[in-house]
Amino acid sequence: MAVLIDDAPIDDPVMTTEWFVVARSADLEEGKAIPAKLLGTELVLWRSGDKVMAWRDLCVHRGTRLSIGEVKDGRIICPYHGWNYDKSGKCTHIPAMPDITPPVRARVMAFKAKEQYGFIWVCMGEPKQDIPPFPEWEKNSFRKQIVGPYEFGGSPFRTIENFTDIPHFPFVHPMINGDPSRPDVIGDYDVTLDENGLKMSPIDVWQPYADHRGVPAMTKYHYTIFRPLSAYFAKETGDGNMFCMMLSATPLTEESCLVWLLVAINFGDEVTEEQIIDRQDQVFAQDKWIVESQRPAKIPLDLQDELHLRVDKYSVAYRRWLKDLGLTWGVAS
């Protein structure tokens, strides 16, 4: 299905059928409208009762942004001429001509929207799968914390690849996720692909700052890339302690994205929200610098374009998966 990106159609079998985070649920108050962006398209988000709407941020009359309009009685009202749109996207009232039935074409382009894990997710076409899982969400033993977004001026696919790349830890995150004086020697590992995504077998990693308490430990990472732009790890830090995270990258353009994090920990009642956020602020500021430096900015899916070693098995499998899915958007030519 083709959808609009900056008034041009995008027809990509991956990007038009996936769910992407566009905002935190807490940012969208009842009676308010807020702007968002996805795949180059400007969106307006608003609520009618318990339903969240994600539309193209454009009144069909004169192109005004609906996100600066008023939400009232289950309708959104354009600030320019007062056109009223109901939750289906149809214009139901034109104040300057109150006695006419608005034309059929007086309808805003609407997209599918859902709320889960404290986020608003949008799919611009027909979704092939549900929103990716976060296994710790229903577990009361875990504290959950949304972190971000961080704006990356780099490929959303390279951002996912970086998130799942262990060998960069000592060099990009020195004395946090790794120690430059003792870089991890990554042994062989298995990669499997099924209907639940791309999984890496567990890998042991020494970390000077293994969790939010600053404790050094030999950790064990379990990675899964559930969807092309949603990845997850569960990290064992010892004594039954788990530090888990999902990263969801919102593709703004082919060379930029927002990074949203959902963190879950089952330890450290004394660890504050500020400490959780501060750790991720540090780590993802370092990741941002690296991802934005990569050339070409778009991800190469031809494996001959970059040099790959055995240690890169997971990223090679990721690129093959994207190619097999038919991805064309955001790919280096």
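Residues numbered from 1 in each chain as written. Predicted model: local features only at pLDDT ≥ 70, side-chain atom pairs only at ≥ 80, totals over all residues. Heavy atoms only, no water.

1. Section: the overall build of the chain
Secondary structure assignment for the chain yields 4 helices and 19 strands. By the compact-globule yardstick of 20 Å for 333 residues, the chain fits well, its C-alpha radius of gyration being 22 Å. Along the first, second and third principal axes, the C-alpha atoms of the chain reach 75 × 50 × 35 Å. Per-residue burial for the chain yields a buried fraction of 52% across its 333 residues. Taking the contacts inside the chain whose residues are at least 6 apart along the sequence as the reference set, 59% of them involve residues at least 24 apart. Carbon and sulfur atoms make up 51% of the accessible area of the chain, which totals about 15200 Å². Each charge class in the chain was averaged separately, 36 positive and 48 negative side chains, and the resulting centres sit 4 Å apart. (Helix = DSSP H or I, 4+ residues; strand = E, 2+ residues; numbered from the N terminus. Rg over C-alpha atoms; globule rule 2.2 N^0.38 Å. Buried < 20%, exposed > 50% of the residue type's maximum accessible area, 1.4 Å probe, protein only. Contact = heavy atoms within 4.5 Å. Areas by Shrake-Rupley, 256 points an atom, 1.4 Å probe, with all protein chains shown as cover. Lys, Arg positive; Asp, Glu negative; His and termini not counted. Charge placed at Lys NZ, Arg CZ, Asp CG, Glu CD.)

2. Re the sheet that holds strand β8 (residues 75–77)
One open sheet holds the 4 strands; their spatial order is β7-β8-β9-β10, and the pairing between them is antiparallel. One side of each edge strand has no neighbouring strand; the edge strands of this open sheet are β7 (70–72) and β10 (91–93). Where β7 meets β8, 3 bridges bridge the pair, whose relative direction is antiparallel. Note that in β8 the partner of Glu70 across the bridge is Ile77. (Pairing = 2+ DSSP bridges.)

3. A few points about the packing of helix α1 (residues 156–163) against helix α4 (residues 313–325)
Following both chains from N to C, one finds α1 and α4 inclined at 150°, their axes separated by 10 Å at the closest point. Taken as a pair, α1 and α4 cross one another with a handedness that is right-handed. For the pair α1 and α4, the contacting residues are Phe157, Arg158, Ile160 and Glu161 in the first and Ser315, Tyr318, Arg319 and Leu322 in the second. Its residues placed into classes, the contact of α1 with α4 shows 4 nonpolar, 1 polar and 3 charged. (Axes fitted to C-alpha atoms, helices over the stretch in contact; angles between N-to-C directions. Left-handed = near helix turned anticlockwise from the far one by under 90°. Nonpolar A, V, L, I, M, F, W, Y, C, P; charged D, E, K, R; others polar.)

4. A closer look at the pairing of strand β14 (residues 191–194)
When β14 meets strand β15 (residues 197–207), the two strands line up antiparallel, connected through 4 bridges. Note on β15: the bridge partner recorded for Thr192 is Lys199. Where β14 hands over to β15, the hairpin turn is made up of 2 residues, counted between the paired strands.

5. Focus on the pattern of salt bridges
Opposite charge on two side chains permits pairing when their charged atoms draw close. A full pass over the atoms with the stated rule returns 15 salt bridges. Lys220 is paired through a salt bridge with Asp204; the nearest N and O atoms lie 2.7 Å apart. Taken together, the residues Lys220 in strand β16 (residues 217–227) and Asp204 in strand β15 connect sequence positions 16 residues apart. Between Glu306 and Arg319 there is a salt bridge, and its shortest N-O distance comes to 2.9 Å. A residue pair is termed long-range when its members are at least 10 positions apart, and Glu306 in the loop between α3 (273–293) and α4 and Arg319 in helix α4 qualify at 13 residues. Classification of Glu306 as partly exposed rests on a relative accessible area of 25%. The structure contains a network of salt bridges with shared partners spanning Arg158, Glu161, Glu306 and Arg319. (Salt bridge = Lys/Arg side-chain N within 4 Å of Asp/Glu carboxyl O.)

None of this, on its own, says anything about what the molecule does.
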